[in-house]
Structure formats: structure tokens, C-alpha cells
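Now for the letters of each chain:
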Amino acid sequence: MRKPSYLALVGTALLLATSLTPAMAAQTDITVGMVLEPPNLDPTAGAAAAIDEVVYANVFEGLTRFNSSGEVIPALAQSWDISEDGLVYTFNLPSGVTFHDGTTFDAEDVKFSLDRARAEDSTNAKKNIFEGIDTVEALDANTVRITLTKPDGLFLFQMAKGDAVIVAPESAADNATNPIGTGPFKFDDWVQGDRVELSKYEGYWGNPVALEQVTFEFIADPTAAFAAMMAEDVDTFPNFPAPETLAQLDADPRFSVVVGATEGETILSTNNANPPLDDVRVREAIAHAIDRQAIIDGAMFGYGTPIGTHFNPSNPNYIDLTGQSDYDPDKSRALLAEAGITDLTLRLKLPPPSYARRGGEVIAAQLRAVGIETEVTNVEWAQWLDEVYKQRDYDLTIVSHTEPFDIGIYVRDDYYFNYSSDEMVAIMNELNDTTDPAARTLLIHKAQQHIADEYVNGYLFQLAKTGVANSKINGLWENSPTQANDMTGVSWSD
Amino acid sequence: MLVFILKRSISLLLTLIAASFVIFFVIEVVPGDPASFMMGFEASPEAVEALREQLGLNAPLWERYLSWIVGLLQGDFGTSYTYKVPISDLIADRIWVSLPLAAFALTLSILIAFPVGVLAAAKRNSATDVSIMGATQLGIAIPNFWFAMILVLIFAIQNRWFSAGGFPGWDEGFWVGVKGLTLPAISLALPQASILARVMRSSLLDTLDEDYVRTARAKGLSRRQALWRHALRNAMIPVLTIIGLQFSFLMAGSVIIERVFFLPGIGSLVFLGITQRDLIVVKSVVMLLVFAVIVVTFLVDVAYAFVDPRLRKGR
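Criteria and thresholds
- Residues numbered from 1 in each chain as written.
- Chains lettered and ligands numbered in written order.
- Predicted model: local features only at pLDDT ≥ 70, side-chain atom pairs only at ≥ 80, totals over all residues.
- Helix = DSSP H or I, 4+ residues; strand = E, 2+ residues; numbered from the N terminus.
- Rg over C-alpha atoms; globule rule 2.2 N^0.38 Å.
- Buried ≥ 20, exposed ≤ 12 C-beta atoms within 10 Å, placed from the backbone.
- Contact = placed C-beta atoms within 7 Å.
- Domains from an automatic or database assignment.
- pLDDT = per-residue confidence, 0-100.
- Nonpolar A, V, L, I, M, F, W, Y, C, P; charged D, E, K, R; others polar.
- Axes fitted to C-alpha atoms, helices over the stretch in contact; angles between N-to-C directions.
- Parallel < 35°, antiparallel > 145°, perpendicular 65-115°, else oblique.
- Left-handed = near helix turned anticlockwise from the far one by under 90°.
- Pairing = 2+ DSSP bridges.
- Expected span 1.5 Å × (residues − 1).

(A) Quick look at the overall build of chain A. A tally of regular secondary structure across chain A gives 13 helices and 19 strands. The globule rule puts the C-alpha radius of gyration for 494 residues at 23 Å, and the 25 Å found for chain A is close to it. If you line up chain A on its principal axes, its C-alpha atoms span 95 × 55 × 35 Å. By residue count, 47% of the 494 residues in chain A fall in the buried class. Within chain A, contacts between residues at least 6 apart in sequence are counted, and of these 70% link residues at least 24 apart.

(B) Representation of the domain arrangement of chain B. Residues and elements named next belong to chain B. In terms of domain boundaries, chain B breaks down into domain 1 (32–76) and domain 2 (94–312). Of note, the centres of domain 1 and domain 2, computed from C-alpha atoms alone, are 38 Å apart. Opposite the six residues of domain 1 that make contact, domain 2 presents six residues. For the side of domain 1 that touches domain 2, the secondary structure elements donating two or more residues are α2 (34–39) and α4 (61–73).

(C) Fine view of the confidence of the model for chain A. Per-residue pLDDT for chain A has a mean of 89; in total, 95% of the residues score no lower than 70. Here residues 1–23 of chain A is a poorly scored stretch, pLDDT under 50, and it has four contacts once near neighbours within four places are set aside; other chains count.

(D) Main features of the domain arrangement of chain A. Residues and elements named next belong to chain A. As far as domains go, chain A holds domain 1 (44–174), domain 2 (188–260 + 469–492) and domain 3 (262–464). Taken together, the contact pairs seven residues of domain 1 with seven residues of domain 3. Taken together, the residues of the side of domain 1 that touches domain 3 sort by class into two nonpolar, three polar and two charged.

(E) Focus on the packing of helix α8 (residues 292–300) of chain A against helix α10 (residues 354–369) of chain A. Residues and elements named next belong to chain A. Taken N-terminus to C-terminus, the directions of α8 and α10 make an angle of 130 degrees; their axes are 9 Å apart at the nearest point. Here α8 lies oblique to α10, going by the angle between them. With respect to the hand of their crossing, α8 and α10 are arranged in right-handed fashion. From α8, Ala-294, Ile-295, Gly-298, Ala-299 and Met-300 reach across to α10, where they touch Ser-354, Tyr-355, Arg-358, Gly-359, Val-362 and Ile-363.

(F) Main features of the interface of chain A and chain B. If you look at the interface, chain A gives 41 residues, while chain B gives 47 residues. Here the side of chain A that touches chain B gets eight residues from one element, more than from any other, and that element is helix α11 (residues 381–390) of chain A. Class assignment of the residues belonging to the side of chain A that touches chain B gives a composition of 18 nonpolar, eleven polar and twelve charged.

(G) Representation of unusual backbone geometry in the model. All names here are of chain A. The residue after Pro-275, namely Pro-276, is reached through a cis peptide bond having omega 0 degrees. Within the fold, Pro-276 resides in the loop between β12 (255–270) and α7 (280–289). Positive phi is not limited to glycine here, since Asn-418 has a value of about 55 degrees. Here Asn-418 falls in the partly exposed class, since 16 other C-beta atoms lie within 10 Å of it. Non-glycine residue Tyr-455 carries a positive phi angle of around 45 degrees. Tracing the sequence through the fold places Tyr-455 in the loop between α13 (437–453) and β17 (458–470).

(H) Quick peek at the sheet that holds strand β7 (residues 143–148) of chain A. Residues and elements named next belong to chain A. A sheet is described by the order of its strands in space; here four strands give the open sequence β4-β5-β7-β6, paired in antiparallel fashion. Edge strands, defined here as strands with exactly one partner in the open sheet, are β4 (79–82) and β6 (133–140). Direction aside, neighbouring strands of the sheet carry axes that sit 20 degrees apart on average. The pairing of strand β5 (residues 88–92) with β7 spans five bridges and is classified as antiparallel. Each bridged residue has a counterpart across the sheet, and for Tyr-89 the counterpart in β7 is Ile-146. Contacts between helix α3 (residues 107–117) and the sheet are confined to β6 and β7, with β6 contributing the most and set at about 165 degrees to the helix.

(I) Layout of α4(B). Taking 1.5 Å as the rise per residue, α4(B) with 13 residues should run 18 Å; its terminal C-alpha atoms sit 18 Å apart, in good agreement. Two residues or fewer past α4(B), B:Gly75 is found with a positive phi of approximately 80 degrees.

(J) Just the packing of α7(A) against helix α9 (residues 329–338) of chain A, in detail. Residue and element names in this part refer to chain A. At a minimum axis distance of 8 Å, the contact between α7 and α9 shows a crossing angle of 160 degrees. Between α7 and α9, the interaxial angle falls into the category roughly antiparallel. By crossing handedness, the relation of α7 to α9 is classed as left-handed. Contacts between α7 and α9 involve Arg-281, Val-282, Glu-284, Ala-285, His-288 and Ala-289 on the former and, on the latter, Pro-329, Lys-331, Ser-332, Leu-335, Leu-336 and Glu-338. Within the contact of α7 with α9, the residues separate by chemical class into six nonpolar, two polar and four charged.

See below:
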């Protein structure tokens, strides 16, 4: 075998050549563009959306998961029973599930994962979603019983989050750099600053996936993202950062542009404790001074849906309250006069995303039209977290709240809006104790109405998901009900 | 010569110590907490506090400075807050992008600048000289990131000869790596070559006016012979200085080009470190860059001494 014959060489070359010909079969590798690189790859120890955008559903699975329309569907738990009183959940787990390092998955791993997430020293960013858990018991290898301290209508929803994925005790500590899950793709390589590579896990227990290789490429600069798309260096950019070029990409037959919805309620967050913003009339005046469509057109190139409360318009429980804070500068001026406000200057702090920076300029102009001056400061995220979020040293800011169903933040008494209302607390408490869907819908409406009536924040628009993809790719998510780039159903057509 | 090198070494060391102070304490002043950045704004305060404790951010400033310095002396740059891997690993990966890129750009710059500069000087005030001066003026004026985008537009989007960015890695083969760095290197080299060519030209013209060149001419050498044998070597000192500065600049200053081409280099590591408040990464990498710049300056100083024997006396 030291000297292979020429015939063998030629044969190998021919084989290679034919197997590499794209016409032979559909492509099975994909390069996905992302704006932000995840700081680590452990969804149970970080809140960065980019972590879930790489690993959610691809590498890690939880008991339940979200599908492309945001519904909670079975994942590692194939089915479950809920006791009459809503306190005891019994999950049935499949057998034959293995982690990517070959270790077997069973009920003990579920117990380990959940106990770890709610432990004293846990650095799980959503520690609070595990607070309601009283005990987790592994009844046998395929059955887990979770007992809650009080009924929680959202429990299955919470368990679908990336923060609640199931990890193995053997590998949990290293998941930040070497994630080991039960998903259909296993982690291969991470070139920090450049890309993460995943490949198909042959031992996957569920439906086999079509793709063999998935590469996530990180491109922060919008112009570079456009160039990479045009040069076909990346196959898809699910959250494309350069909306101004979407028309051009859409006109190109090589690409398709899909505009969907995200969970991002983009709001003019208001410091409700700072006079005169503690006066509801002033907050209402600001709301009427804002022309939402002008912001969507001016800052988002027309992509976005106006909202009148802190709720996702594509959710069936949404109620349209935009009329309650419609664009009416005269009313705005009248309200300011009624509140006795003259010479008002507010500090508007803007984080880096373009919705905030561009939107902030439009809002500053609109506020000036009704006699409110703004002092605009551009801040980085770290500074925003420190000054606005932590120290609450701001009057107004623009930020997109991207958690699904996050209306509960209005009852967090340590939250940066500085808003508190006993009535809202009562509504949310009742909601948490209610499991009947119809009754829940009514309470959710009530909560939306309440924060709209109180004009807690300026409700601007629901952030659009503007995705670009090669026209031959099927199965990408159109909407973004959670932060994820689920590759499990993605395939290429010939 | 030895005394000269010794003196330079001491000043090198003092500069490093001063730099470590400035870097550490100035970066501490920057507002923003790494832990709260990592956990995001929906995180619970307890989780953020647990992380601060885990990262050792609650220790007093002096203690952290000392442990950082002691670590650096032992070659331990610390562990990145965000990536949770040793910073030396991060640097080790990226140095193989940044260093070759800087070397590639500098080589291009020298290869362009030398002939062009010498030609312009040799043909002083001719049409060639004037057009070279005009072209280099343009080369300096064009911002390199804009030039980079034009290159991408032509060679990546229209012709598809190169990819629009990213770095395939050296494991894919030497020429694949070189190809990946070509557009960035050209965009970095253009302004540097322009500067270098102009320095080359004016430095040569200065020496051509010196007495010894006139003597050489009087002795019977042609203008060209005098230029090659006598003027060129003496004109090298300012050129070497500029080359040294350019190398430091290319190592540390390619942040923007790395962003345009989304290259995983040192510059983008610092940039990410700053935006994500991964302060330990910023400190260690900046310190490393300072070290590199000081060493390059030191080497340039030594190179002067080779070119100009008068400097070896160690005044």
C-alpha cells in the first residue's frame, strides 16, 4: 500500500469529483449568519440571546420546547399528566436517548438539571422560573415527578425555555465551551470571533434531520452582512441587520426575504418615578406625541407592527389598544398644559441597536413638536445596563423587550420602569393561579388594558424578524416566537 | 553597542510598568459591570451577584491588580469573563490572523513603496514624480474601510474571486489562508504604502542634497550610482522609523478592517472585550499590544544602530 496504483488514484479522484458535484444530491451543509457571537454556549448560565440562537433545539433539548409558531410541544418529555390541583406534573421520558458524549439520558438527568438551576449558587439567568418547584423526583428511569408549591399556569411554557434545557452531570460544568446535549446536532468547533460548527449527531433519538453540517458565522457589521449574503458566503441570515438593503435582496432571484414577527416589544421605557413623569397625564401626553408609523418607516424601513400595550400582536390573546394612544399632538399639548408643564427637558438614553438610535432621533423630533425637549445620549449596552437598568439614572430610553410573554415585568418592584401598581399585582397573581384558558385570556386582556390605561411606557412597535435566505432553503422559521435558529427541519431543495 | 542595548532595555521595562498601571486603572473606571452584561437585563439580581462572586469581581482593586501582574509575569493572562476560556488561548488563535495580516500588509506596503519612492526621487519634478505624488496623496486620503468595501464590491460580490470576509483558517491550507487575507491586506497596505513612498522620496531627496553625495558625483559617479551607493542607505533611517510605526499600527489598529471583513483577529477581540465589558481580556490584550509596540520600537532602535554606526556609541 505504499505506492497506490495510478488506477486507484484516478478512481478515487473520480469518486471524489462525483460526490462533490452539487447536482448529484441536495446540499446538506448550511452557513447561518448571526450578528452577535454568543459569549458562551451554555444556555443555563447566561442570558445572551445569541446562546439560544446557536444551541436551542439544535444541541440542547428541554422537557418541552417551542415550535415555529410559539406553541409549547413535547420534547424530551413525550407526554405528561397534571394532577387535579395543578401541583404535580408527571413527565414520561423516552428510552434510548443519549447525550453527545455517549452517556445515557434518564430521569436522574432531569432531576439534576432542574435542581442545579434552582440551587442557591446557580447562575441561571432565569432562576425565578424554577422558584415554584418544590421537589423533583425520579420515579424510575423514564418517569419524573415535579411538585410545585402553588399552581402555575405557565409551568410547561417556562420549561420550554432555553434556560431549562436538560444537561448531564458529567458534562454540565464544561457546557460553556463544549456543550453536550441530547439534540440532533452535536458541537464540533468554535473559532472564537468567527464561527461555531455543529454536525449531525448519528445517535439522535428523535426524527432524523436533513442537514449534516451547520456553521454559524458571526458578522457584526451590517454592510459586511450584506456583502457576505451577496457573495453567498452565508446561506441565510435569519435576523438580517441591514433592513435598507432588503429590497435589493428581495429583487434578486437567488434570495428570498421573509418578514415575520418577533417577541420584541419595542417601547419608549419611561422612568415612572422621576417627576413629572410620575404624572400619568405627562406620560399620556408623550404617548400622543408619538407617531408610531413615522418611527417604523423612518427607523425600520417600514418593518414592524404598531402596538398599544406590552404584548405581541401575533399572540391570540393580544388586544389592539393603539387607538388609546394614537398620534394627536394637540391632545398632547393640552394634556401638558393641564398638568402645568412648561420647559420640560427629558434625558433620552439610547442603546446601540438601530431601532433605538434611529428611532430615538424620530421620537426626539416628535416630542419637540409638542414642546418637550430631549437631551439625547448614545450609550453602549454595558453602560445602558449600568446607568439605565441598574441605577435608573434616566428619563426615557428605547429598548426591545424580547422575552416571550413578559408582561410580568410590570409587577417586578425592582424593575427599571420604577412602576408599581397594586391593581396590576392583583391581576398577575390571579393569572398565575389560573389554569383555565378562557379565564386566563380575560385576565391577560385586563393586564394589557391596565398598563395601557396607565401609559406606563410609550408602546411603539413589535420588532419584525427580517430574514434573508437562499431561495433553495426550506424549513426556516418565519417568525421568532423565541430566540432560536432551529435547524432541525431545515433542508435544501435540489 | 552593549551599553546602548542595556539602556534601551531599562527604558523598555519602565515603560511596561507604567503602561500596566495606566491600562489596569483606566479600564476599571469605565462604567458597566461585566457580570450584568453577561447575564443580560432580564436576569435576576441574585444570579448576577453569584456570577460576580464567581468571577472574583468583588475583590479589592489592588488585590486584583497584583494577581493580574503576577499572572502576566508567569505567562497567565487570566480567563475571559465572557468566553470562560484562558485569554492566552484566545490570543493564540487570533494572533495567527493578525500577525500574518500585519506582515502581509507591511510586505505589500514595502514592495509598493520602495520602487515607487525611489522612482519619484530619481525623477524629481518630472511628470512621473508629479503623478506618483498625486496618487500617493489620494492613497493617504482614502479611508481604508471605504477602500475595503469597494474591494469587496468588486472582487467578492461581482467577480466572486474572493469571499467577502471571514477567515477559513490555516488548516485549510496555506494558500487558502493567504487568499482569505488578501483583500484585507490590500486595503490595509494602500494608505501605508502611500505614506511610506512619500517618506522614502523626501528622505532620499534630502540625502541627495548632502555634501557627500555631491562629492560622490564630483568623483565621477552618475546620479543613479550616487543614489544607490551613497544616498539610499542614509535615507533609510526615517523609512525604518515609519516601518516600525506601521507594523505597530497594523498589529493594533486593524480593528476596523477586521470588522469590515469579520476577521477573528486581535483587533476584533479588543473591540468585543470593550463592548462586552470583558475587562480582563481588554487589559491583557492591550498590555500585550503595548509590549509588542515597545519591542518593535526597541528593535527599530537597534536597527538604527546598524544602519548608522554613530548611534552605537550609546550617548
